[in-house]
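The lines below spell out each chain.
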Amino acid sequence: MTVPVPIQLPEGRVIITRKARFSSAHYLALDEWDDQQNFNAFWKASGKPGHGHNYAVEVGVEGTVDPATGMVMNLTDLKAMLLEEAIEPFDFKHLNDDPAFAYKLPAIENICTVLWQCLKPRIATPTMALRWIAVSETDSIWGSILGTNDDNETDCMTDTHHFFTKTTQFCAGHRLHNPAFSDDDNASIFGKCNNPNGHGHNYQLDVTVTGPQDDRTGLIVDLGKLETAVESVVAKVDHLNLNTDVDFLTGVIPTAENIARGLWGQLAPLIPAPASLHRIRLVETYNNAVEYYGPQHGQANDVMGVQPVAMAPR
Ligand SMILES: [Zn+2]
Ligand SMILES: [Zn+2]
């Protein structure tokens, strides 16, 4: 789980994080809907009496460093708060039985909200504030809330933004090479990545969407539709050669940066409304990753998709 925005911190402020884990059962079904309606909306997650997850929670606390302790807050205190608010109420329990979810579906977005509402007032002091919280249900799906550092809010959900991330993998081959450069220049610029016969990676793709919460379900995106969209785009690159087999990368140097931008162009129109694509994070190897927030955050010519490389020899 990573913070899905580049956070701008006031000078001197830092963010500390702490994790906690709990295991719970749940199902997603609205009382006012019949079984078929619930299945259509929540798929297998609607089945009663439910199923279980090993949840992981991560909180980010922003604050100034106390010169006497060298800490933003004592991690023992934060650990105790997480134990009280996240672990003891939910660990080895059925979330649908908890009063916090009497009307709210125990979905990731609402679990984030419930934990945010419990923890935000407890952490708010003149020197620190809860800044973000993330909850993962499996290794491949997690939600998060990012708030402001304004401690004077009367409603602690004001100025918060929800994000939902689906992680997947694909395998692909590529060669980094610009035909406009000499062989020596290509070897010098791209190094081993210029190997004439290419090489490959197991890419990890994190697709983060944002949007308003549905008034009744609290969800910001239909997970089934999001997964279908991501799978349809991954099928265009998985087990293929990115230099030769992918139409939207034709004439493009398939660096992680360009692959991420190309995937954005494919995925953005497929995200089920009212959610929208917020970030693509592409992990190419254990050592390198790229994050892209869409053309509005880039240069004027950084349109959906990517620009072809200059093909004329120099
Ligand atoms: Zn579930
Ligand atoms: Zn490579």
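Our subject is the structure that appears above.
Residues numbered from 1 in each chain as written. Chains lettered and ligands numbered in written order. Predicted model: local features only at pLDDT ≥ 70, side-chain atom pairs only at ≥ 80, totals over all residues. Heavy atoms only, no water.

Caption draft 1: Fine view of the overall build of the protein. The number of helices and strands found in the protein is 6 helices and 10 strands. Evaluated residue by residue, the protein yields a buried proportion of 48% over its 314 residues. Considering only intrachain contacts with a sequence separation of at least 6, the fraction spanning at least 24 residues in the protein is 70%. In the structure as shown, the protein presents an accessible area of about 15600 Å², 52% of it carried by carbon and sulfur atoms. (Helix = DSSP H or I, 4+ residues; strand = E, 2+ residues; numbered from the N terminus. Buried < 20%, exposed > 50% of the residue type's maximum accessible area, 1.4 Å probe, protein only. Contact = heavy atoms within 4.5 Å. Areas by Shrake-Rupley, 256 points an atom, 1.4 Å probe, with all protein chains shown as cover.)

Caption draft 2: A look at the side chain of Thr160. Assignment of secondary structure puts Thr160 in the loop between β5 (141-146) and β6 (161-174). Those residues within four positions of Thr160 in sequence are excluded, and the remaining contacts are Trp116, Ile145, Leu146 and Gly147.

Caption draft 3: Region of the structure containing the coordination of the zinc ion (ligand 1). In this structure, His26 (NE2), His51 (NE2) and His53 (NE2) serve as the protein donors to the zinc ion (ligand 1), at separations of 2.0 to 2.1 Å. Each donor residue of the zinc ion (ligand 1) lies on the same chain, and together they follow the pattern H-x24-H-x1-H. Here the residue His26 occupies a position in strand β1 (residues 13-26), and His51 occupies one in strand β2 (residues 51-64), the gap between them amounting to 25 residues. Take His26: its relative accessible area is 1%, and that puts it in the buried class. Assessed through its relative accessible area of 26%, His51 is described here as partly exposed. (Donors = N, O, S within 2.8 Å, 3.2 Å for Na, K, Ca; no water.)

Caption draft 4: Structural context of unusual backbone geometry. Cis geometry marks the peptide bond from Lys48 to Pro49; its omega dihedral reads 10 degrees. Position of Pro49 among the secondary structure elements: in the loop between α1 (35-42) and β2. The amide bond that connects Ala273 to the next residue, Pro274, takes the cis arrangement and shows omega of 5 degrees. Even without being a glycine, His239 presents a positive backbone phi close to 60 degrees. Residue class for His239 comes out exposed when judged on its relative accessible area of 62%.

Caption draft 5: Highlighting the packing of aromatic side chains. In this structure the tally under the stated criterion is 6 aromatic pairs. An angle of 20 degrees between the planes, with centres 4.9 Å apart, marks the rings of Phe22 and Tyr55 as stacked. Here Tyr55 lies in strand β2 and Phe22 lies in strand β1, a separation of 33 residues in the sequence. With respect to burial, Phe22 and Tyr55 carry one shared label: buried. (Phe/Tyr/Trp six-rings, centres within 6.5 Å; stacked < 30°, edge-to-face > 60°.)

Caption draft 6: Examining the coordination of the zinc ion (ligand 2) more closely. Bound to the zinc ion (ligand 2) are the protein donor atoms His174 (NE2), His199 (NE2) and His201 (NE2), situated 2.0 Å from the metal. Each donor residue of the zinc ion (ligand 2) belongs to the same chain, with the gaps between them written as H-x24-H-x1-H.

Caption draft 7: Expanded view of the pairing of β1. In this sheet, β2 lies alongside β1 in antiparallel orientation, the contact comprising 14 bridges. If you follow Arg18 over to β2, its bridge partner there is Val59. (Pairing = 2+ DSSP bridges.)

Caption draft 8: Representation of the pattern of salt bridges within the structure. Using the criterion set out here, one finds 10 salt bridges in the structure. Here Glu227 and Lys166 are joined by a salt bridge, their closest N and O atoms 3.5 Å apart. Here Lys166 lies in strand β6 and Glu227 lies in helix α5 (residues 223-234), a separation of 61 residues in the sequence. Exposure remark for Glu227: the relative accessible area of 25% places this residue in the partly exposed category. Arg279 is the salt-bridge partner of Glu291, the closest N and O atoms lying 3.3 Å from each other. In this pair, Glu291 is assigned in strand β10 (residues 288-292) and Arg279 in strand β9 (residues 276-285), connecting sequence segments 12 residues apart. A network of salt bridges, in which partner residues are shared, links Asp206, Arg279, Arg281 and Glu291. (Salt bridge = Lys/Arg side-chain N within 4 Å of Asp/Glu carboxyl O.)

Read these as spatial facts, not as claims about activity.
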